[in-house]
Amino acid sequence: MSDNKQTLLEQQLKSYIKAKGPVSVRAFMEACLYDPQHGYYRQGNPLGAEGDFITAPEISQMFGEMLGIWCVTTWQAMANPVPLQIIELGPGRGTLMADILRSLQRLHPNFEMLSVHLVERSATLKETQKKTLEGSLCPVYWYNSLSEVPEGPSIIIANEFLDCFPIRQFIKTDRAWHERVVGLDDQENFAFLVGSEVPRGAIIPSRLFNAAPGSVFEFCPDFEVVMKDVCRMAKRHPMAALFVDYGFEGPQTGETLQALKGHKSVTPFLMPGDVDLTAHVDFTALAALAVANGLKCYGPRDQGAFLSQLGIGARAEILVKNASEEQIEKLASDVVRLVAPEHMGALFKALCVTSPSLDIPAPFDQKVAS
Ligand SMILES: C[S@@+](CC[C@H](N)C(=O)[O-])C[C@H]1O[C@@H](n2cnc3c(N)ncnc32)[C@H](O)[C@@H]1O
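In this section: the environment of F192. Note on placement: F192 falls in strand β8 (residues 190-197). F192 gets classed as partly exposed once you look at its relative accessible area, which sits at 25%. In the structure, F192 is positioned twelve residues away from R180 in sequence and 6.7 Å away in space, judged by C-alpha atoms. Sequence-distant contacts of F192, defined by excluding residues within four places in its chain, comprise V25, Q169, R180, V181, V182, E255, L257 and F269.

Here we come to helix α5 (residues 95-107). For α5, built from 13 residues, the straight-helix expectation of 18 Å at 1.5 Å per residue is met to within 8% by its first-to-last C-alpha distance of 19 Å. Taken together, the buried positions of α5 are occupied by T95, L96, M97, D99, I100, L101, S103 and L104. At its buried positions, α5 is contacted by α3 (56-59), α4 (61-77), β2 (84-89), β3 (114-119), α6 (123-132) and β5 (154-159).

Here the focus is the nonpolar core. Among the nonpolar cores identified, the biggest contains 58 residues, and V230, F243 and V353 are the most heavily contacted of them. Going through the elements one at a time, α1 (3-20), α2 (25-34), β2, β5, α7 (222-234), β10 (239-248), α8 (283-292) and β16 (348-354) are the ones with two or more residues in this core. For F243, the contacting residues outside a window of four places in its chain are L89, A158, L162, V226, M227, V230, F283, L286, K349, A350, L351 and V353. The next biggest cluster of nonpolar side chains, apart from the first, holds 47 residues, and it includes C71, L104, L310 and A350.

A few words now on the packing of aromatic side chains. Evaluated as defined, the whole model comprises ten aromatic pairs. Arranged with centres 5.2 Å apart and planes meeting at 70°, the rings of F28 and F190 form a pair that is edge-to-face. A residue pair is termed long-range when its members are at least 10 positions apart, and F28 in helix α2 and F190 in strand β8 qualify at 162 residues. In this structure, F28 and F190 share a single accessibility class: buried. With a centroid separation of 5.6 Å and 45° between ring planes, the pair formed by F306 and F364 is classed as tilted. Highlighted residues: F306 in helix α9 (residues 303-310) and F364 in the segment after β16, separated in sequence by 58 residues. The exposure class of F306 is buried, given its relative accessible area of 1%. Cation over ring: R121 sits above Y34, and NZ or CZ is 3.9 Å from the ring centre. R180 extends its terminal NZ or CZ atom over the ring of F192, reaching a point 4.0 Å from the ring centre.

Within the fold, H343 resides in helix α12 (residues 341-345). The exposure class assigned to H343 is partly exposed, which follows from its relative accessible area of 43%. Residues H343 and T124, spaced 219 residues apart in sequence, show a C-alpha to C-alpha distance of 30 Å.

On to the pattern of salt bridges. Enumeration over the complete set of coordinates arrives at 19 salt bridges. Notably, a salt bridge pairs E188 with K18, separated by 3.1 Å at the nearest N-O pair. Residue E188 is found in the loop between β7 (177-184) and β8, and its partner K18 is found in helix α1; the two are separated by 170 residues along the sequence.

With that settled, the discussion passes to the sheet that holds strand β11 (residues 258-261). Strands pair in a sheet through their backbones, by hydrogen bonds, and they do so in one of two ways: parallel or antiparallel. Ordered by their spatial adjacency, three strands build an open sheet running β12-β11-β13, and the pairing between neighbours is antiparallel. Taken across any chain shown, the strands that pair with only one partner, and hence form the sheet edges, are β12 (264-266) and β13 (276-278). Neighbour-to-neighbour, the strand axes of this sheet turn through a mean angle of 40°, independent of strand direction. Pairing geometry for β11 and β13, over three bridges, is antiparallel. Paired with Q258 across the two strands is T278, which belongs to β13.

We now examine the side chain of S115. Relative to the elements of secondary structure, S115 occurs in strand β3. Within the structure, the side chain of S115 is placed 2.8 Å from the side chain of H117, a separation counted as a polar contact. Excluding residues within four positions of it along the chain, S115 makes contact with L84, Q85, I86, P139 and Y141.

A few words now on the confidence of the model for the protein. Do not read the predicted coordinates in detail wherever pLDDT is low. Residues of the protein with pLDDT of at least 70 account for 98%, and the chain-wide mean is 95. In the predicted structure, residues 1-6 sits below a pLDDT of 50 and forms eleven contacts with residues beyond four places in sequence or in another chain.

Rules used in this analysis
- All residue numbers refer to positions counted from 1 along the written sequence of the respective chain.
- Given that this is a predicted model, residues contribute local features only at a pLDDT of at least 70 and side-chain atom pairs are listed and counted only at 80 or more, while totals for whole chains, interfaces and linings are drawn from all residues.
- The basis for the side-chain values is all heavy atoms of the structure; hydrogens and waters are excluded.
- Secondary structure elements are defined from DSSP: runs of H or I of at least 4 residues count as helices, runs of E of at least 2 residues count as strands, and each element is numbered from the N terminus.
- Here's how the labels work: a residue is buried when its accessible area is under 20% of the maximum for its type, exposed when over 50%, partly exposed in between, all with a 1.4 Å probe on protein chains only.
- Contact definition: two residues touch when any of their heavy atoms are within 4.5 Å.
- Here the expected length of a helix is defined as 1.5 Å per residue gap, with one fewer gap than residues.
- As used in this record, nonpolar core signifies buried Ala, Val, Leu, Ile, Met, Phe, Trp, Tyr and Cys residues forming a set joined through side-chain atoms within 4.5 Å.
- Put simply, two rings from Phe, Tyr or Trp (the six-membered ring, in Trp's case) pair if the centres are within 6.5 Å, and we call them stacked under 30 degrees between planes, edge-to-face over 60, tilted for the rest.
- We call a charge positioned over a ring when the NZ of a Lys or the CZ of an Arg lies within 6 Å of the ring centre and within 35 degrees of the ring normal.
- Note on definitions: salt bridges are taken to be side-chain nitrogens of Lys or Arg within 4 Å of carboxyl oxygens of Asp or Glu.
- Two strands qualify as a pair provided that DSSP identifies no fewer than 2 bridges between them.
- Angles shown run from 0 to 180 degrees and are taken between the N-to-C directions of axes, each axis being a line fitted to C-alpha atoms and, for helices, limited to the stretch in contact.
- N or O atoms closer than or at 3.5 Å make up a polar contact, with two conditions inside protein: a donor-capable atom paired with an acceptor-capable one, and, for residues adjacent in sequence, both atoms drawn from side chains.
- As a per-residue measure, pLDDT tells how confident the predictor is, with possible values from 0 to 100.

In structure tokens, the structure reads:
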């Protein structure tokens, strides 16, 4: 995106705030990410070494291969219904789906009965996905939202999808919880301000009522929409969904809204529309929504344990056999990056949601209490 366009979104937001007053953190994020002309996901390719951030499938093919193994065992646990839809929410460059399909082709005899359904909002990334999946042996379809995908037996995959959704933030003052809003300071720079008071019993979990002044609580309203759409897929057909993301088991206070530009952390107010804004996923809130919608829910499990149990170590040993010295070093460091708790292994978690009739999908062993 050019500086000129960038200036435009910043100007638009500032003019709006001057005329109408501060906006919620959610509205600010929504504009920065999805503004039809200048939003972050309207621009080029945000992923990879050249972009702003790197995701697990872009680090190593082993991540997608492990998720492919998860799809195979889950398909079997569903009693191998055919045809089966593999749905991916937020497929990025299409790398994860390409790796999943390669595993499925090797490991499942009914591979040809698959269709692939990609839910993507960015027109640019849709084009990239088309190139990556060109020549795929399964038919591939694109949608703007999960609500558009036809019903049928389905496995849904979402890696680093939920962290994109705009959040509301609330801040505790001496007296009460308030919506946190984005306004302007004396120099007309964006600034966080304290908005209207939130009535007791609405949104803020009761155990946080007496949190220390200055505490921040985050809430993502769009998770409910996502979970309703997931539930629709499970109404008449077997369905299993896997959400992998960075997040925590809530409720907790703390600010996780973050901004990334060129792999560096920056202020969320820098260059609106040109910077990736995300927030950590509250897996407890997500699981509660799944259960409230009549689905079964397992996890979350740390990504490290999840990938290790699916066999990432054994897969690396196989790949090492035909690898150069340099490739062997990269394979070892990739496994560490994906699995070690001090890297992605503990912060990233996997949550599984299934239709009520399904058995526990490996490698999950504990159902979230309903
Ligand atoms: C952080 S990237 C993750 C990409 C990929 N899953 C990966 O692991 O490499 C987020 C993806 O979700 C897409 N996305 C963001 N918000 C979306 C929305 N509301 N609906 C559909 N796709 C969305 C982005 O365009 C992008 O493809």
